[in-house]
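Descriptive structure summary
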Amino acid sequence: MNELYPKHVAIIMDGNGRWAKSRGLPRIRGHHAGAEAVRRLLKGAAKFGIQWITLYAFSVENWKRPAAEVNGLMSLLTGFLSANRKTLCDNKIRLRIMGRRSDLPDAVNRLLQSVEKETARFDGPQLILCLSYGGREELVHATRQIAAEVQAGTRSPDQITEKTIAEHLYLPDVPDPDLIIRTSGEERLSNFLLWQCAYAEFVFLPEPWPDFDENSLKRALDLFASRNRRFGGIVDRHGSSIVSAPDAP
């Protein structure tokens, strides 16, 4: 196992619809193929020692899609969780959710809560599903909580720091991603982890998400391992500071 590989990998799983269209299939078939890619990812992540996997599964903007597709995605989500909850438990993988859970159908929320509760005792790898998630919405959520504390007199404005904001995000105990992968050749964040990605490395892969496999993952991990992460200073490849340079880009 390469010690330079990232511990937290976040993925924008793009290209399901285009994968299906290129094969003359309905879009939902692409989403089903994408679910198979998630299963492959979990196996590869365990092999390469990844501790946190964050998947952009359903954005707040995705609610604008046709109702039939949204319903199909919700059904696919419940099917995926039901089919893989034993796998999660057998491999001691903890499931966690990020996003506006109140937007989700009741049946989906009940299943999510059940699997979360069943896996909450595990202290190993974590699978984080972003559902009805948006980076800007997460920052609004954090800001409202902090504003309420200021209004209640439990915090003064001059006490608000970067740490304060980080502590009010959806999952404040989860470390920022080391690597963000986006598939299908697109090179944008699409409102994903806007706060947390400040010092993440990015890898954009040409293949659509349903074609993502262990080789795709290893290619992204190797690219990450080859980079020198400076965090605004000058550091060696292991992240140890060589020269302090706080104003460096």
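Quick note: structure is the one above.
All figures in this text were calculated on a predicted structure; none of them were measured in a lab.

1. Remarks on the pattern of salt bridges
- Enumeration over the complete set of coordinates arrives at 18 salt bridges.
- In this structure, Arg 101 engages Glu 116 in a salt bridge whose closest nitrogen and oxygen atoms are separated by 2.7 Å. One end of the pair, Arg 101, is in the loop between strand 3 (94-98) and helix 4 (106-119); the other, Glu 116, is in helix 4, and 15 residues separate them in sequence.
- As a salt-bridge pair, Asp 222 and Lys 218 come within 2.8 Å of each other at their nearest N and O atoms. Placement of both Asp 222 and Lys 218 in helix 7 (residues 214-225) is noted, with a separation of 4 residues, approximately one turn of the helix.
- A relative accessible area of 30% means that Asp 222 is categorised as partly exposed.
- Residue class for Lys 218 comes out partly exposed when judged on its relative accessible area of 35%.
- Residues joined in a network through salt bridges with shared partners are Asp 14, Arg 18, Arg 182, Glu 186 and Arg 188.

2. A word on the packing of aromatic side chains
- The tally for this structure, following the rule as stated, stands at 8 aromatic pairs.
- Between Phe 202 and Phe 204 the ring centres are 6.2 Å apart and the planes differ by 15°, which places this aromatic pair in the stacked class.
- Given a relative accessible area of 32%, Phe 204 falls into the partly exposed group.
- Among the aromatic residues, those joined into a cluster by ring pairs are Tyr 56, Tyr 133, Tyr 170 and Phe 192.

3. A word on unusual backbone geometry
- Look at Ser 184: it is not a glycine, yet its phi comes out positive at around 75°.
- Tracing the sequence through the fold places Ser 184 in the loop between strand 5 (179-182) and strand 6 (201-204).
- Overall, Ser 184 belongs to the buried group, its relative accessible area being 14%.
- A positive phi angle, near 50°, is found at Leu 193, a position not held by glycine.
- Mapped onto the elements of the fold, Leu 193 is located in the loop between strand 5 and strand 6.

The rules behind the values
- Residues numbered from 1 in each chain as written.
- Predicted model: local features only at pLDDT ≥ 70, side-chain atom pairs only at ≥ 80, totals over all residues.
- Heavy atoms only, no water.
- Salt bridge = Lys/Arg side-chain N within 4 Å of Asp/Glu carboxyl O.
- Helix = DSSP H or I, 4+ residues; strand = E, 2+ residues; numbered from the N terminus.
- Buried < 20%, exposed > 50% of the residue type's maximum accessible area, 1.4 Å probe, protein only.
- Phe/Tyr/Trp six-rings, centres within 6.5 Å; stacked < 30°, edge-to-face > 60°.

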